[in-house]
Amino acid sequence: MSELINNRDKRVADLKRIVRKLHEGVSPDAVREELKRVVRECDSGEIAAMETQLMDEEGIPVEQVMGMCDLHSDVVRDILTEREHGEIPSGHPVDIFKRENEALREVIGDFQLELKRLAGDGEAEDCAEVYGGVRELFNQLMDIDKHYARKENLLFAMLEKYGITGPSKVMWGIDDQIRGKLKELGEKLTKTNADDREGWKVIAKTIAFPALMMIEKMVEKEENILLPMALETLTAAEWGEIWEQSPRFGWCLIEADGEYVAPKPVQREISDRVKVQLKIAGIALDEITEATDKLLAEKKQQKQMIDEEIKSGKRVVFPTGSLSFEQLKIIFENIPVHLTFVDA
């Protein structure tokens, strides 16, 4: 066992050493063979451990690791895609993430083609018609925030219970960069005339295509590192919890149907010893069952009410939960500071 642990530590150390070389400017081709050798022997969890150690133990800022992330993922992508991860039932949270990624790939491909048409690549086009198509595809692409919100607030939160924080910090940072690029692209879409071909060429080159490339690389990171690692780490009950909470964030470009059913919570049997103690204390088992059922019913009703308020926009969702506007009002009225909002 100690030998296996030592081998794992050595592989993580080798990964860190190679990724540092990439960050220092060494060509990916110069370390590709060495990285292939190491990656073929390690799993996605060890790649995640490498990122975590770079940040938590060596103090490398998350922004720098985000920069390294694209470099080392480019090198290991072909190796990781060779691996089989087993069958996933349709409708399982991982299956939904993958189906959303496939839908995103299709939208990205169509968006690139339409944007090239708008920028004037090829024969003259009806600019207004092509522009309308670009706007529609952009609206579809913005559905990606639902995908990222579920990943960040549910999957990352569950992985962090196991001390897996590297992918969360790095990927969340890149997700925010993508959101920023898409916001910038949306502003250009509303301010640029449909027939401004030169303007669209600049937008495509400097904003749109870089943003689409970032999304495609994030898809690869999710499918080759994050999701396999999560499958190796989380229990069936934890996947069930993710599935139960997912609808409040919504789905990206697809309907979340399938055969997957979240496992029911395990019912613990009351031991004979406890039954005797309850009897001596004068407490009937049916009293406990009735109280438990009442509590579960109240919690279910409360959850339904919260979900309805979230859907209707009456609650604000945070990474660790949600608050109603009335609760927020009470908080701001009672905190011992005075807040002034400028240009809010």
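The text that follows walks through the structure, step by step, so that each part is easy to find.

### Considerations on the packing of aromatic side chains
Working step 1: Tallying each qualifying case throughout the model produces 3 aromatic pairs.
Working step 2: When the ring of phenylalanine 156 is compared with that of tryptophan 172, the centres are 6.1 Å apart and the planes differ by 45 degrees; the resulting orientation is tilted. Within this pair, whereas phenylalanine 156 is found in helix H7 (residues 144-160), its partner tryptophan 172 is found in helix H8 (residues 166-191), the two being separated by 16 residues in sequence.
Working step 3: Owing to a relative accessible area of 0%, phenylalanine 156 belongs among the buried residues under this scheme.
Working step 4: On the basis of relative accessibility, which here comes to 25%, the residue tryptophan 172 falls in the partly exposed class.
Working step 5: Taking 6.1 Å as the distance between ring centres and 70 degrees as the angle between the ring planes, the aromatic pair formed by tryptophan 243 and tyrosine 260 counts as edge-to-face. Here tyrosine 260 lies in the loop between helix H10 (236-245) and helix H11 (272-280) and tryptophan 243 lies in helix H10, a separation of 17 residues in the sequence.
Working step 6: Here the basic side chain of arginine 150 rests over the ring of phenylalanine 97, its NZ or CZ set 4.8 Å away from the ring centre.

### Side note on the packing of helix H5 (residues 93-118) against helix H6 (residues 127-141)
Working step 1: At a minimum axis distance of 9 Å, the contact between H5 and H6 shows a crossing angle of 155 degrees. Classed by the angle they form, the pair H5 and H6 counts as roughly antiparallel. Handedness of the H5/H6 crossing: left-handed. Across the interface between the two elements, Leu104, Val107, Ile108, Asp110, Phe111, Glu114, Leu115, Arg117 and Leu118 of H5 pack against Cys127, Val130, Tyr131, Val134, Leu137, Phe138, Gln140 and Leu141 of H6.
Working step 2: Among the residues forming the contact of H5 with H6, the class breakdown is 13 nonpolar, 1 polar and 3 charged.

### Quick look at the nonpolar core
In summary, soluble globular proteins display a tendency toward joint burial of nonpolar side chains.
Working step 1: Of all hydrophobic cores here, the largest spans 52 residues; its most connected members are Phe111 and Leu155.
Working step 2: Only H5, H6, H7, H8, helix H9 (197-233) and H10 provide two or more residues apiece to this core.
Working step 3: Take this core: its biggest share by element is 14 residues, from H9.
Working step 4: In this structure, leucine 155 is in contact with Phe97, Arg150, Leu226, Leu227, Ala230, Leu234, Trp239 and Ile242, ignoring residues within four places of it in sequence.

Reading the values: rules and limits
Residues numbered from 1 in each chain as written. Predicted model: local features only at pLDDT ≥ 70, side-chain atom pairs only at ≥ 80, totals over all residues. Heavy atoms only, no water. Phe/Tyr/Trp six-rings, centres within 6.5 Å; stacked < 30°, edge-to-face > 60°. Helix = DSSP H or I, 4+ residues; strand = E, 2+ residues; numbered from the N terminus. Buried < 20%, exposed > 50% of the residue type's maximum accessible area, 1.4 Å probe, protein only. Lys NZ or Arg CZ within 6 Å of the ring centre and 35° of its normal. Axes fitted to C-alpha atoms, helices over the stretch in contact; angles between N-to-C directions. Parallel < 35°, antiparallel > 145°, perpendicular 65-115°, else oblique. Left-handed = near helix turned anticlockwise from the far one by under 90°. Contact = heavy atoms within 4.5 Å. Nonpolar A, V, L, I, M, F, W, Y, C, P; charged D, E, K, R; others polar. Core = buried A, V, L, I, M, F, W, Y, C linked by side-chain atoms within 4.5 Å.

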